[in-house]
Amino acid sequence: MTPVRHRLVAEAVRLEEDRLGRILDDPAADSRAREAGGDFEQRLVRRAGEMALGRRFAGTLEGLNQIRFWLLLGAVVLALVAGIGSAAAVFGQDATVNIGWALSALLGLQLLMLFLWVVFTLYRPKGGGGTLGRAALAAVHGLGRRLSRRPESAVVLSASVGLLRRGGLGRWIASALTHGLWAMFCLGALMGAVFALSVRQYEFVWGTTLLTEGSFIALVAMLAAPAQWLGWPVPDAEVVRASRIGLEGAVGRELWSGLLLSSILFYGLLPRAVLTLVSLLLVRRAAGRLRLDTSLPGYARLSDRLASHARPVGVLDPGPPETQGLEPVSKARPAPVHGPVLLIGLELERDSGDWPPRLAGVDWITLGRADDRSQRRDILSALRARDAVPGVVLVLCSLARTPDRGAERFFSAVRAQTRGPVWAVLDEGRTLAARGTERAGRLRQWQLAGARAGLDYVLEIDLDDQRHPGTRELVELVGQGVGAG
Amino acid sequence: MSAVMKVVVVGHTNTGKTSLLRTLSRDETFGQVSDEPATTRQVEGIQLVLSDGEPVMLLLDTPGLEDPDGVLDALDRLAGPERFDAPERVRRFLDGPEAATHYEQEAKVLRQMLDSDAAIYVIDCREPVLGKYREELTILTYCAVPVLPVLNFVANPASREPEWREQLARLNLHAVVAFDTVVFDEAGERRLYEKLRTLLDAYDRPLQRLIEDRRQQGEWLRRAAAEYLAELLIDTAGCLRVIPGDLEAVKLREMILRNQDAVRQREQRSVDALLRLFRFSSSHYDHAQLPLVNGAWGMDLFNPDALKHYGVRMGGGAAAGAAAGAALDAATLGVTLGLGTLTGTAVGAVLGTSLPLRKRIWERLHGFSEWRVSDDTLRLLIVRQMALIRALLRRGHAAQGALSSGASPDSRWARGALPRPVREARLKPKWSRLNPEMFDPTRGDRQLAVQRLTEEILADLSDQEVT
């Protein structure tokens, strides 16, 4: 199939989808179009071609093209016959032929139409292309619709009507038809004239009432110019004068018949044949440049389906096997503690003006905040330096953080540096809530981290809310330690 | 240098690395996302390709960095008397025993870093600039690969974007880009690629093509969405039902309800098509209570409250009648199409449609009336669907929350005249799929109307983006 036919099928598929009001799902066609690549328009064409519907349309198009071929053949024959017919009318039973009359019958209409074609092609009132070609195209469409019984042919035909409007394709097809058919007409006329002039003898005369003799001589000279240029014998002014009606004796039969035939050839057949060729070349060029109008409704929605965005390449470095079986730190409430309460802040949201935090009823000894490496080192060495066993070491953490292995390692380090119990106390649940993250899950993650690090207890509190159950519990548990340090 | 640039996505645990990859690749099935630490424990890759399938960039998803403290300690221990430079120290660390045990996760990341053209460091900018993040960035700079910090969750009210930008500048990281993985922003994505371009001179051309390709895709997407809405409006505007005048009240109500159902279903089809277009499956969000069914979206098209909610001005007839949604349309039509007004210009204006004039006058004389969708309902449709399209345009493929149409933005069509092609479609029952017996798809004028309306909607969409 030619590129134009592929695009015709795509356009027909679009019209059909538009009629149905939805995209026809054909994932196989989509993915083949994606794989084929190219720009969006090329992928659209490819998709249509791969679809079952597209293949049906292509079949219909094949059938229509056959019908078109026979119709075109018929038109060609008709034009040829018309040409022969007009020659027969000119060279009738009468043995005298009026030269002016014969020329205008064989060439006049044709030249007038050529003039109109030039005007219409230059000004393009309705896309141009010539009346004959347009009529022929319309007839082919109309007859094609009637002759093809498939339901798809209506869609294919309206798709081709739409497509032919683009890029002058329809104009040049119509032009090629126009000129081709006229060329056939001229060929028929030439054949008819040659035949008539071969088997019968005619007297050539001319006459005028309005014009001067000089103007007729000039006209003949003009018509004869191409033949003369080629060296063929043509009637000169003497012969012309001698052939005027009313003068005695016929002169220059061969010369006149030569002029007649060469006029049909040079002013009819040749220009039409050349123009047909030119039009065909322009058809080819337009066909080569033809692209779908992707702004038409129905195409844009396919863009995403037909575009590749990403291609997974899989796992490059597999993860370690899952470690399972760890339970969160037990929720069993420990006994109230006696002895000093040590407090470490781990990656808290609160700024330094808010540190150390105060909690009524609890008097803790702050060891500092463990936000970076040096702070952590200092805290751990301070913890190691304490001789007395503390009542409890509280690591105040933020629920807003995701517990990571860094925090876990810090827990373990604290655990290793003290003989007293170590608890993780989780604050700033409000910050977490403000972010719209679920709290229960985060709490469990901290409990798991605490379990892995060997902490004794994990408790959620809210330092800004004395009545928070966790805060109350903390006060009850460590409040005993007031002043004990 | 390989043909396709390799960019590794790194960051602390649970900052949205996988989400970033999902959004950039438009693939909501890539990897695993959850609010847990260390959800991603492997290195997984995805190739960004142009529309025509040409690969441009290999993006690598990595496990989160969790213990930069420990890694820095280990690297410091390796400094030793020989004075290795930083990348060499990282290499030695990777060859050492700790890389296979304690810091297996971090080692995976660093190994990819050394082998990449650039790194994207994802930051949850709701977090304060903690010591561990600075330490992570220090380690990353040891790898001698350009690092582009990407601020995630900038759209969150708790965002600390300025603080982060200041701190990053102190760490000598001046090319920073804000890109929310949940709230998608085409301009943000383009900025991200532009910043990468400044860091990756050798891949300037492919990145430029990627930017251009994504821009074009965005345009196609907007056009397609606008087209769906245009089709919906043309179909709804032209919907026409002839109702016999001698129908009992109960039957009339039934009939009107049935017609309304047809319009509602048409809207639902359009919504489904839009979701599909933006690659969001409605089934995927079922558990999250898709408000399209339940919340504000569930509000009925024909409910007068819905009109108010979306700021649609009620037409005179509707306001005066204050009738329940159902009766509203029929009542308005009764007034405008009643026998009394069926003269002169009214005939021309209202009946310039496809039903043969004679037949329609005959019907009118014999007490038939016509049911159509009111202007207010059409306005509501426009505003609602525009809100949906905007919400979809701004939704990242990493978003897991429910889709909501958000506040009702003020569309210029909420009040005042309807778009011209819609007004035209009012008079063209042949254009409407809701009139199956009249619908004629071969008409080129319908196609032209859809095209023109699409352009108007596109213009309105881009207006809203500018403001």
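Note that the coordinates shown come from a computational prediction; the quantities given were computed from them, not determined experimentally.

Peer 1: Describe in detail the overall build of chain A, supporting the description with residues and values.
Peer 2: When helices and strands are counted, chain A shows 17 helices and eight strands. Its C-alpha atoms give chain A principal-axis dimensions of roughly 155 × 45 × 40 Å. A buried classification covers 49% of the 485 residues belonging to chain A. Contacts spanning at least 24 positions in sequence make up 80% of the contacts within chain A whose residues lie at least 6 apart. Averaging the positions of the 58 positive and the 46 negative side-chain charges in chain A gives two centres separated by 6 Å.

Peer 1: How would you summarise the overall build of chain B if you had to cite specific residues and measurements?
Peer 2: Helix and strand counts for chain B stand at 17 helices and eight strands. Within chain B, the proportion of its 467 residues that are buried is 55%. Considering only contacts within chain B whose residues lie at least 6 apart along the sequence, 73% involve residues at least 24 apart. Of the accessible surface of chain B, which amounts to about 18900 Å², a share of 53% is contributed by carbon and sulfur atoms.

Peer 1: Lay out the interface of chain B and chain A in plain terms, naming residues and giving numbers.
Peer 2: Facing the 69 residues of chain B at the interface are 61 residues of chain A. Contact between chain B and chain A buries roughly 5400 Å² in total, counting both sides, with carbon and sulfur atoms accounting for 45%. Along the contact surface separating chain B from chain A lie 14 salt bridges. Here Glu127 of chain B ties to Arg435 of chain A by a salt bridge, and the two come within 3.0 Å at their closest N and O atoms. The interface formed by chain B and chain A holds 37 residue pairs in polar contact (both at pLDDT 80 or more) in total. Contributing elements (two or more residues each) for the side of chain B that touches chain A: β2 (43-49), β3 (55-61), α2 (68-79), α4 (104-114), α5 (131-142), α8 (204-237), α9 (249-277) and α17 (444-466) of chain B. Classifying every residue of the side of chain B that touches chain A by side-chain character gives 21 nonpolar, 18 polar and 30 charged.

Peer 1: Hey, could you go over the packing of helix α1 (residues 3-20) of chain A against helix α4 (residues 52-90) of chain A for me, with residue numbers and the actual values?
Peer 2: Residues and elements named next belong to chain A. One can describe the packing of α1 onto α4 by two numbers: an axis separation of 9 Å at closest approach and a directional angle of 120°. The angle between α1 and α4 falls in the class oblique. Taken as a pair, α1 and α4 cross one another with a handedness that is right-handed. Residues Arg5, Leu8, Val9, Ala12, Val13 and Glu16 of α1 pack against Leu53, Gly54, Phe57, Ala58, Leu61, Glu62 and Asn65 of α4.

Peer 1: I'd like to hear about the nonpolar core, residue by residue, with values.
Peer 2: Counting residues in each nonpolar core, the largest one holds 87 residues, and the members touching the most others are Phe57 of chain A together with Leu233, Leu274, Leu277, Phe278, Leu378 and Ile457 of chain B. Non-local contacts of Ile457 of chain B, meaning those with residues more than four positions away in its chain, are made with Ala226, Leu229, Ala230, Leu233, Met386 and Trp413 of chain B. Judged by nonpolar contacts, the second largest core, of 39 residues, contains Leu60, Val90, Phe93 and Val145 of chain B.

Peer 1: Tell me what's going on with unusual backbone geometry, and back it up with residues and numbers.
Peer 2: In this structure, the amide linkage connecting Trp355 of chain A to the following residue, Pro356 of chain A, adopts the cis form with an omega of -5°. Structurally, Pro356 of chain A can be placed in the loop between β4 (341-346) and β5 (365-369). In the Ramachandran plot, Arg26 of chain B falls in the positive-phi region, its phi being about 60° despite a non-glycine side chain. Overall, the relative accessible area of 14% leaves Arg26 of chain B in the buried class. The residue Asn172 of chain B is not glycine, and still its phi comes out positive at about 70°.

Peer 1: Describe the pattern of salt bridges, naming the residues involved and giving the relevant values.
Peer 2: Residue and element names in this part refer to chain A. Within this structure, the stated rule accounts for 64 salt bridges over all chains. The shortest N-O distance in the salt bridge between Arg241 and Glu213 comes to 3.4 Å. Of this pair, Arg241 sits in helix α10 (residues 237-242) while Glu213 sits in helix α9 (residues 213-229), and the two are 28 residues apart along the sequence. On the basis of relative accessibility, which here comes to 36%, the residue Arg241 falls in the partly exposed class.

Peer 1: Please provide a residue-by-residue account of the pairing of strand β7 (residues 422-427) of chain A, values included.
Peer 2: Taken residue by residue, a regular strand's side chains alternate between the two faces of the sheet. Residue and element names in this part refer to chain A. A large share of β7 lies buried, amounting to six of its six residues. Both faces of β7 are covered, namely the face carrying Val422, Ala424 and Leu426 and the face carrying Trp423, Val425 and Asp427. Across six bridges, the pairing between strand β6 (residues 392-398) and β7 is parallel. What sits directly across from Cys397, in β7, is Leu426. Of the crossover connections in this fold, the one passing from β6 over helix α14 (residues 405-417) to the parallel β7 is right-handed. In the sheet, β7 pairs with strand β8 (residues 457-460) via four bridges, with the strands oriented parallel.

Peer 1: A description of the sheet that holds β2 of chain B should follow, citing residues and the corresponding values.
Peer 2: The seven strands lie next to each other as β3(A)-β2(B)-β3(B)-β1(B)-β4(B)-β5(B)-β6(B), forming an open sheet whose pairing is mixed. The outermost strands of the open sheet, each flanked by one partner alone, are β3 (310-317) of chain A together with β6 (177-178) of chain B. As paired strands, strand β4 (residues 118-124) of chain B and strand β5 (residues 147-152) of chain B are joined by six bridges and run parallel to one another. Bridging across to β5 of chain B, Val122 of chain B finds its partner in Val150 of chain B.

Conventions we followed
- Residues numbered from 1 in each chain as written.
- Chains lettered and ligands numbered in written order.
- Predicted model: local features only at pLDDT ≥ 70, side-chain atom pairs only at ≥ 80, totals over all residues.
- Heavy atoms only, no water.
- Helix = DSSP H or I, 4+ residues; strand = E, 2+ residues; numbered from the N terminus.
- Buried < 20%, exposed > 50% of the residue type's maximum accessible area, 1.4 Å probe, protein only.
- Contact = heavy atoms within 4.5 Å.
- Lys, Arg positive; Asp, Glu negative; His and termini not counted.
- Charge placed at Lys NZ, Arg CZ, Asp CG, Glu CD.
- Areas by Shrake-Rupley, 256 points an atom, 1.4 Å probe, with all protein chains shown as cover.
- Buried area = accessible area lost by both parts, 1.4 Å probe.
- Salt bridge = Lys/Arg side-chain N within 4 Å of Asp/Glu carboxyl O.
- Polar contact = N/O pair within 3.5 Å; in protein donor to acceptor, adjacent residues only side chain to side chain.
- Nonpolar A, V, L, I, M, F, W, Y, C, P; charged D, E, K, R; others polar.
- Axes fitted to C-alpha atoms, helices over the stretch in contact; angles between N-to-C directions.
- Parallel < 35°, antiparallel > 145°, perpendicular 65-115°, else oblique.
- Left-handed = near helix turned anticlockwise from the far one by under 90°.
- Core = buried A, V, L, I, M, F, W, Y, C linked by side-chain atoms within 4.5 Å.
- Pairing = 2+ DSSP bridges.
- Right-handed = clockwise from strand over helix to strand, strands pointing away.

These figures come from the coordinates and say nothing about function on their own.
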